[in-house]
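For reference, the chains in residue letters:
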Amino acid sequence: MAKLTVENLTKSFGAVKILHGLNADIADGEFIAVLGESGCGKSTFLRIIAGLEDATSGAITIDGKNVTEQGPRDRDIAMVFQSYALYPHMTVKQNIDFPLELMGLDKAERERRIADTAELLNLTPYLDRKPRDLSGGQRQRVAMGRAIVREPKVFLFDEPLSNLDAKLRVQMRSEIRNLQQRLHVTAIYVTHDQVEALTMADRVMLMNGGRIEQFAPPLELYDRPASVFVASFVGTPPMNLVDGQMKAGTGIAALDTVFPYDAPTSQDVTLGFRPEHVRIATAQDAHFSGKLLSTENTGDRLNLVLLVAGQEVRVSLNERHDLTPGDIVACRVLDDHIHLFDRSTGARIN
Amino acid sequence: MSTQSKHALSVDRTLLAFLFLAAVLTLGPFLWIALASFKTQIALLMGTTKFTPVTMNYDEVLFGNTSLFARNFLNSIIVASISTLAAMTIGFLAGYSLLRLRWPAWVVNLFLLWAVVFNLVPPVTLAGAWYELFRGVGLNNDTVALILAHTTLHLPMSLWLLSSFLREIPKELEEAAFIDGAGFVKTLWRVVIPIMMPGLVSTGILVFIFSWNEFPVALALTNNTSATVPVGIAKFAQENEIKYTQMAAASVLSAIPALLALLFGQRFIVKGLTAGAVK
């Protein structure tokens, strides 16, 4: 249980700058997901918190204590690796016992903790097996066990579910979340899977090119993306983003139409709206209409791709329509679901 | 029988033939030596195939008044064991440094390349220089000199082999150990070394055997009392006669430590020990 603070953290490998001054305040017991594409610096960020990499500048404090210069073993953190990193020559029990032995706990206490952890993770029948005799899901649980048995201040997860199959991944997602809530341990979870991040975390730190684009609760990322990058990253299918002109007093001109908006000034903008916030409308109500290029029916949703004013626009409907490519479809964007971004900086303006 | 299984059968037979050939080529000479060691010198030189086995060659080699074989054997054990231990320790730590301390790639490649190229230099060309060097520091005819020379001679091989075994160990395992609270020494001792055991044992056996059999440098750096087994065996070839059968008996005896090492080591050389560590 601990509060973790990151101040102005930077990291360079030679001349290449990987992290550009990250700041974050993470509350005690909070579950943070660090989300981003590969190469955005999220794993480096985690490894610096773990003490496996040195920061170039900046500070990390855990419970008010500056740990920036400390090695991993003095930070009281536990980490679950993407590859699990189980010790192959040790049994499950020895794997879980290893950190306890290094803590110098007495035998009885170690036995008690191992038994509790094994019970919690349904590993009791496998304690005498070697990692090679376990399934992927079981190995994952041993890695979790080795992390939680120490009762560390902070849990770090480096894409822990990416080696599991889809079904198991969904199951482990909720197991990890439940476990974290039960143990009430501060957790930082790195992933490139937005569904994992949005479903598990209290807050999501979305990273891009070594910078934090937005650090907010999952729904805020979806409802009020702070930048064009966030808007395009979060949500499936992704948000429609089109060039537009904001005109003071009139609205937003885009897609050969004008979206009503109480515009204070005039400027170039990027207009965004989510496919699921578009409805099929009558000719009078419609904001725009376009030629249907393709349809995709997932059973619960009908996804359309329209050609509107020379640009592709995605629409995702939760009711069924009998449409064929070539049809002209008239659409309306739901009120209050328009996102506006400064076209040059990409920052949100509404 | 289908054509396919006929084909498979003929492939099997061909492969079997190669295995047989390999067995004959490796075992044949050894068997000839082993048989020779139980013959009398006359029986051997006459080329007799039927003979009454005698143990006199062994008696002479082990207990003969003029034989220094027991002494040679002890010297070999000392030289091979200590130089193997030294070459392994230095090779392991140097390899660890090469692979883990973020050296530029060219440094790593140059080192490993040199480790291979070094073996192209015939050791005998170094023997003269070493002889002068050790005489200069008062270590002539001393086993210490041979231990140092063998360590140098076999360090490149040890470094090269151990580096390739180290390379197989995922870095995350060490990182996991650091996070679990282990320091550097404990991580090596409890995680890296146990996982590398098959590689350490096979490298150790190889270096030991190389040192055990090394002849030209040992010949240059030792005298009668500090000679190792190969030098001792060579001395059965004297000016007036070559004691072939005693030589054979000594050769058979000298193979014993290597065989023991292999039998002992086999337990450790289990494949796929890292299975299940990552992925």
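Residues numbered from 1 in each chain as written. Chains lettered and ligands numbered in written order. Predicted model: local features only at pLDDT ≥ 70, side-chain atom pairs only at ≥ 80, totals over all residues.

## Brief notes about the overall build of chain B
In terms of helices and strands, chain B carries 12 helices and zero strands. Secondary structure elements of chain B, listed N to C terminal, follow the sequence α-α-α-α-α-α-α-α-α-α-α-α. At 23 Å, chain B has a C-alpha radius of gyration far larger than the 19 Å of a compact globule built from 279 residues. Along the first, second and third principal axes, the C-alpha atoms of chain B reach 75 × 70 × 30 Å. For chain B, the residues scored as buried account for 33% of the 279 residues in total. Intrachain contacts of chain B at a sequence separation of at least 6 include 78% that bridge at least 24 residues. (Helix = DSSP H or I, 4+ residues; strand = E, 2+ residues; numbered from the N terminus. Rg over C-alpha atoms; globule rule 2.2 N^0.38 Å. Buried ≥ 20, exposed ≤ 12 C-beta atoms within 10 Å, placed from the backbone. Contact = placed C-beta atoms within 7 Å.)

## What to know about the interface of chain A and chain B
Of the residues lining the interface, 26 residues belong to chain A; the matching set on chain B comes to 21 residues. At the level of secondary structure, the elements contributing two or more residues to the side of chain A that touches chain B comprise strand E6 (77-80) and helix H2 (92-103) of chain A.

## Examining the domain arrangement of chain A
All names here are of chain A. Domain parsing of chain A yields domain 1 (4-233) and domain 2 (244-342). For domain 1 versus domain 2, the separation of C-alpha centres amounts to 40 Å. Taken together, the contact between domain 1 and domain 2 spans four residues of the former and four residues of the latter. Considering only residue class, the side of domain 1 that touches domain 2 consists of three nonpolar, one polar and no charged. (Domains from an automatic or database assignment. Nonpolar A, V, L, I, M, F, W, Y, C, P; charged D, E, K, R; others polar.)

## A short note on the sheet that holds strand E20 (residues 339-342) of chain A
Residues and elements named next belong to chain A. Strand order in the open sheet formed by five strands is E13-E12-E11-E14-E20, with antiparallel pairing between adjacent strands. The strands lining the two open edges of the sheet, one partner per strand, are strand E13 (257-260) and E20. Within the sheet, the average angular offset between the axes of one strand and its neighbour, ignoring direction, is 40°. (Pairing = 2+ DSSP bridges. Axes fitted to C-alpha atoms, helices over the stretch in contact; angles between N-to-C directions.)

## Some words on the pairing of strand E8 (residues 186-191) of chain A
Residue and element names in this part refer to chain A. Counting buried residues along E8, six of its six residues qualify, which places the element largely inside the surrounding structure. Going residue by residue along E8, you find Thr-186, Ile-188 and Val-190 tucked away on one face and Ala-187, Tyr-189 and Thr-191 tucked away on the opposite face as well. Taken together, the five bridges between strand E3 (residues 31-35) and E8 define a ladder with parallel strand orientation. Counted as the bridge partner of Ile-32 is Ile-188 from E8. Examined bridge by bridge, strand E7 (residues 154-158) and E8 share five bridges and lie parallel to one another. In the sheet register, Asp-158 faces E8, and the bridge partner there is Val-190.

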